[in-house]
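Here's the letter readout for the chains.
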Amino acid sequence: MALSPLSNQSIDESIIREQVLSTYNYDGRHINTNFILSDVEKILHLGMGTTEEVMVAEKLNQVVELNNIYEQLPYHIRQVSIEIVSGLNAKTANQQHSTTIGVLRKLCWYSWEDKMVLMLAGFSIIYGEYILLDSRLYKGGSKLGGLVKKLGSLRQNNLVETPSSHTQKVVVDCLSSVLELTKCVVELKQCPYYSPPPSVILALPMTAYWIATTIINVSAVCACGSHFNIHQNELEELTALIAKILTTFSPELEKKKAEESFQMLRHAWYHNSSSNRVELFRLMFNVKDDDEKIFQRRNYFSTSANYWRNDQTILLLLTSGFDISNEQIDFLNWFYGNSSPYIIWIPIMPYNAAWTTEDEHHFEKVKERMYNSRWLNDPQKRLLPQFIRFVKEELFPKFKMRWGEEAILVSTDKKGRIDHPNVMHMILTWAPGYIQKNTIEVQRLYNITSLVAKEVKEGTSGVNRVVPEIDEMISELLGDIGGRINDWAHLVKRKIEKVLDESTPYHSDREKDLWQQETSWSLHLLVPKYQFYQAIGELINDWIQEEKYIFLYGGNDMKWVQEFTSKVRKVGSKTQLNIELVYVGRNKKIRGIIDEKRMSHSPLRNSASVWWFWTRLRSMFLSRIHYLDVTSCPLEEYNNDEILQGLKKLLAYESTNTTIEGWALLSKGAKVIVCGHGTKMLQIMNEYQIWKENIAPKGFGQAFKDHHEMISMNRHSCCTLEYPINLDKIPENETCHECSRSMHKFLTFTCCHGHDVDYDK
């Protein structure tokens, strides 16, 4: 730290630094600096006009004694006070410097920041005694003994006059600067999450030196009025120097405070079991009052943080900027209407600058479509830096999310902790009622009594000849056992209910449970009973219940679609089977022709239903990959997982970059029989005469599948499988589901036009 050219300064800075460092012999001892600094600050503030005099004597004695907490500390503080007083008659810079080095040596065993606090403590005793000597409150009996007498003698000999208002201001400004600097250094060193940089560490020795120099000068001003003009000039220069030193520490203190806030928020979101949701909101949002209105819903009143205190399940919708599609908003509006969670939208901007007029326009535009979601009022004002940092560093990277990509939906429990970092794929895959259904219960306990009865009766066989009342004894025993088992089961049930009340069904473990219940690749996975655009499910689920043969098919070649539809109808009439055809492809033109000519069923009647059907399958695909990863599925099982492979096929056939003319999936009821490339599926229909003899013994589905496996195709149109780049694990190699050859890997950049995509095109 560079020296300021103080009056009469004649000692070289390098020599000063060397001497200061020689006073450092830290032995690892630690003191409660906050405790001491608090009392010291109250004493010093009296001179600044902010502390009542009646408190000075009490605080002064506390500093002198420190409540006997530390064995040697009071002695060291008194030694500092005595050293300062003994150097009050110093006339030159060299003498003043010697006093400063002497003070530092008295505290050689302490760290630099502790030295600063203890020097202020020693000075506060002197300063407090000056105040009490001038006050009618002082009646003698000070624990400093001879020091008070020396102070009184100095004041009498120097005939100190009452200082002017300007003089008082100089002293107050100087003390304020020293106190602020000391508090800054102490606070900076008290952070487990933040290590001060080398520049701060290197500045500590000379900072301690200049704090010591300053308090010695202030003491001289108070005691030696005849030299006041010299000391006043030095105090003004020291005040400027202290302010300059403070600029080294202040930015680092701000970084430290930011790090503490971030770590507090991080701990609360992941681990905190004592905080409630309102306390978490205070770490996330700029809220002065818990009743301050910070959330709003379209055409409804605003709500405060307190509104969300109790039982509501909350999902936080986090978007990169305002990138969320209209279809996704519509789905979330529907989801809210069919479930219990509340959704709060929070846009996270990629930059820290103020919003532009265009940003404000986008914000209002998205709000207009959110009928059921809430949003944060004035996100620019409300979002705290630590929350924005948490989202960018902790949540977005979990999905390798970049700006302009899909929104994530964070599920929180009743205390605000994260239960699922992105529940979006989960709610797209399963219906809300199915997710919320409680499947955690005590099972197979109530047959224990019958098993015990059997064992007891076998073990006491023939005893009734000796003990006639044995049957009554067994009955009583079994009644007691059954009662205890029932009581125990009810206790467990209550504990389960308590845990579930504090949690939410939108939990990572719940997603895992749901996948464990899906044991096979079936049409129920593709077409759930209850979901967004229920017409799809209602149409097909009736056929599933009737165990009908069902063809789901798609493609972009109208000629193939017409020929395949015609062949299926002809085969159906020849076999006298009611085979249902359902077109679920994305091509709007083909859907229109199918509807117009009534060629088959086409339940995806608009862009929104197309978006839901295929987005849901993609979400199911990503959720299944995550499930297999978290359950540490062996590689062989992973590669042979029929649900994952089935989803891969469909997504590859209907990918944006796929060039195949068509595809088809055949099922009987919910059971998927075969799914294949359009050319191959059409060939099977064209070769009906070859395999029709197998229909009677095997059934239509098995005969169709057997012939499918017999056909070998040398060539077929290319299909593609698109993995999102933000997926945790993208396979290095992918095998074509038609020819088993390795697929080529490309990097494709696709413009989504702000997500306003017409999925019909």
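Our structure is the block above this text.
Every value quoted in this text rests on a predicted model; they were computed, and no experiment measured them.

Rules used throughout
- Residues numbered from 1 in each chain as written.
- Predicted model: local features only at pLDDT ≥ 70, side-chain atom pairs only at ≥ 80, totals over all residues.
- Heavy atoms only, no water.
- Helix = DSSP H or I, 4+ residues; strand = E, 2+ residues; numbered from the N terminus.
- Buried < 20%, exposed > 50% of the residue type's maximum accessible area, 1.4 Å probe, protein only.
- Contact = heavy atoms within 4.5 Å.
- Areas by Shrake-Rupley, 256 points an atom, 1.4 Å probe, with all protein chains shown as cover.
- Salt bridge = Lys/Arg side-chain N within 4 Å of Asp/Glu carboxyl O.
- Pairing = 2+ DSSP bridges.
- Axes fitted to C-alpha atoms, helices over the stretch in contact; angles between N-to-C directions.
- Phe/Tyr/Trp six-rings, centres within 6.5 Å; stacked < 30°, edge-to-face > 60°.
- Core = buried A, V, L, I, M, F, W, Y, C linked by side-chain atoms within 4.5 Å.
- 1 Å grid on protein atoms, 1.4 Å probe; cavity = no way out; pocket = protein on both sides within 12 Å on 5 of 7 lines; lining within 4 Å.
- Points joined across faces, edges and corners; volume = space filled by probe spheres on them.
- Lys, Arg positive; Asp, Glu negative; His and termini not counted.
- Expected span 1.5 Å × (residues − 1).

Participant: I keep staring at the overall build of the protein and nothing clicks. Help me out?
Facilitator: Scanning the protein for helices and strands turns up 31 helices and 11 strands. For the protein, with 761 residues in total, the buried portion stands at 51%. Considering only residue pairs separated by 6 or more positions, the protein has 74% of its internal contacts joining residues 24 or more positions apart. Of the roughly 37200 Å² of accessible surface on the protein, a fraction of 49% belongs to carbon and sulfur atoms.

Participant: Would you take a moment to explain the pattern of salt bridges for this structure?
Facilitator: As a working rule, side chains carrying opposite charge can pair if their charged atoms are close by. Inspection of the entire model under this criterion finds 18 salt bridges. Salt-bridge contacts for Lys-183 lead to Glu-41; the nearest nitrogen and oxygen are separated by 3.0 Å. With Lys-183 in helix α8 (residues 165-189) and Glu-41 in helix α2 (residues 33-47), this residue pair connects regions lying 142 residues apart in the sequence. Between Glu-83 and Lys-106 there is a salt bridge, and its shortest N-O distance comes to 4.0 Å. Residue Glu-83 is found in helix α4 (residues 73-86), and its partner Lys-106 is found in helix α5 (residues 93-106); the two are separated by 23 residues along the sequence. When its relative accessible area of 28% is taken as the criterion, Lys-106 is described as partly exposed. Beyond isolated ion pairs, a larger network of salt bridges with shared partners links Glu-187, Lys-256 and Glu-260.

Participant: I tried to follow the sheet that holds strand β7 (residues 418-420) on my own but got confused; where do I start?
Facilitator: Sheets are built from strands that pair by backbone hydrogen bonding, the pairs being arranged parallel or antiparallel. Strand order in the open sheet formed by 7 strands is β2-β1-β5-β4-β3-β6-β7, with mixed pairing between adjacent strands. Of all the strands in the sheet, just β2 (303-304) and β7 have a single pairing partner and so form its edges. In this structure, strand β3 (residues 314-320) lies alongside strand β6 (residues 408-412), joined through 5 bridges in antiparallel fashion. Counterpart to Leu-315 in the pairing with β6 is Ser-411. Its contacts with the sheet put helix α12 (residues 326-337) on β1 (293-297), β3, β4 (342-348), β5 (374-376) and β6, and the angle it makes with β4 is roughly 150 degrees.

Participant: Which parts of the structure should I look at to understand unusual backbone geometry?
Facilitator: One can expect most non-glycine residues to show negative phi and most peptide bonds to be in trans. With a phi angle near 60 degrees, Glu-547 is a residue other than glycine that sits in the positive phi range. Within the element layout of this structure, Glu-547 appears in the loop between α22 (534-545) and β8 (549-554). For Glu-547, a relative accessible area of 43% puts it in the partly exposed group. The phi angle at Gln-576 is positive, at roughly 60 degrees, despite the residue not being glycine.

Participant: What am I meant to see in the packing of aromatic side chains here?
Facilitator: What the rule picks out here adds up to 39 aromatic pairs. Relative to Phe-700, the ring of Tyr-549 lies with its centre 5.2 Å away and its plane at 70 degrees, an arrangement referred to as edge-to-face. Here Tyr-549 is found in strand β8, whereas its partner Phe-700 is found in helix α31 (residues 700-710), with 151 residues between them in sequence. The class for Tyr-549 is buried, based on a relative accessible area of 10%.

Participant: How do you make sense of helix α11 (residues 277-284) when you look at a structure like this?
Facilitator: The periodicity of an α-helix, 3.6 residues per turn, causes residues three or four places apart in sequence to face the same way. Counting buried positions along α11 yields 6 of 8 residues, so the element is predominantly enclosed. Along α11, the positions that sit buried rather than exposed are Arg-277, Val-278, Leu-280, Phe-281, Leu-283 and Met-284.

Participant: I tried to follow the nonpolar core on my own but got confused; where do I start?
Facilitator: Soluble, globular proteins show a tendency: their nonpolar side chains are buried together. With 68 residues, the main nonpolar core has Leu-317, Ile-427, Trp-614 and Leu-665 as its most contacted residues. No other element matches helix α25 (residues 607-630), which puts 12 residues into this core. Those residues within four positions of Leu-317 in sequence are excluded, and the remaining contacts are Ile-324, Leu-332, Ile-343, Ile-344, Trp-345, Ile-346, Met-370, Ala-407, Ile-408, Leu-409 and Met-424. Within the second largest apolar cluster, 65 residues are counted, among which are Leu-88, Met-116, Ala-203 and Ile-216.

Participant: Where do I start with empty space enclosed by the protein in this structure?
Facilitator: Vacant regions in the atomic arrangement are exposed by a probe of water-molecule size rolled over the atoms. A complete count under the given rule lists 3 cavities of 30 Å³ or more for this structure. Reported here for the second largest cavity is a volume of approximately 50 Å³. If you go around the second largest cavity, the residues you meet are Trp-269, Arg-277, Leu-280, Phe-281, Met-284, Ile-314, Leu-316, Thr-412 and Gly-416. When contributions to the lining of the second largest cavity are tallied by element, the ones reaching two or more residues are α11 and β3.

Participant: What exactly am I supposed to notice about the pairing of β6 here?
Facilitator: Burial within β6 is extensive, with 5 of its 5 residues counted as buried. The alternating pattern of β6 places Ile-408, Val-410 and Thr-412 and Leu-409 and Ser-411 on opposite faces, both of which are buried. Examined bridge by bridge, β6 and β7 share 2 bridges and lie antiparallel to one another. Pairing of Ser-411 across the sheet is with His-420, part of β7.

Participant: Help me understand the side chain of Asp-359 in this model?
Facilitator: Looking at where Asp-359 falls in the secondary structure, it is placed in helix α13 (residues 357-369). In this structure Asp-359 is buried but unpaired, with Lys-392 as the nearest side chain of opposite charge at 12 Å. With residues up to four places along the chain from it excluded, the contact list for Asp-359 reads Phe-322, Met-349 and Tyr-351.

Participant: When you look at the pairing of strand β11 (residues 671-677) in this model, what are you seeing that I'm missing?
Facilitator: When a strand is regular, its side chains alternate between the sheet's two faces. Burial analysis of β11 places 6 of its 7 residues in the buried class, the great majority of the element. Counted along the chain from strand β10 (residues 663-668) to the antiparallel partner β11, the turn is 2 residues long, and its residue Gly-669 has a positive phi close to 65 degrees.

Participant: Where do I start with helix α27 (residues 642-653) in this structure?
Facilitator: For α27, spanning 12 residues, the distance from its first C-alpha to its last is 16 Å, which sits close to the expected 16 Å at 1.5 Å a residue. Of all 12 residues in α27, 10 are buried; the element is thus mostly enclosed. Buried residues of α27: Ile-643, Leu-644, Gln-645, Gly-646, Leu-647, Lys-648, Leu-650, Leu-651, Ala-652 and Tyr-653, and no others. The secondary structure elements touched by the buried residues of α27 are α20 (508-517), α21 (523-526), α25, α26 (635-640), β10 and β11.

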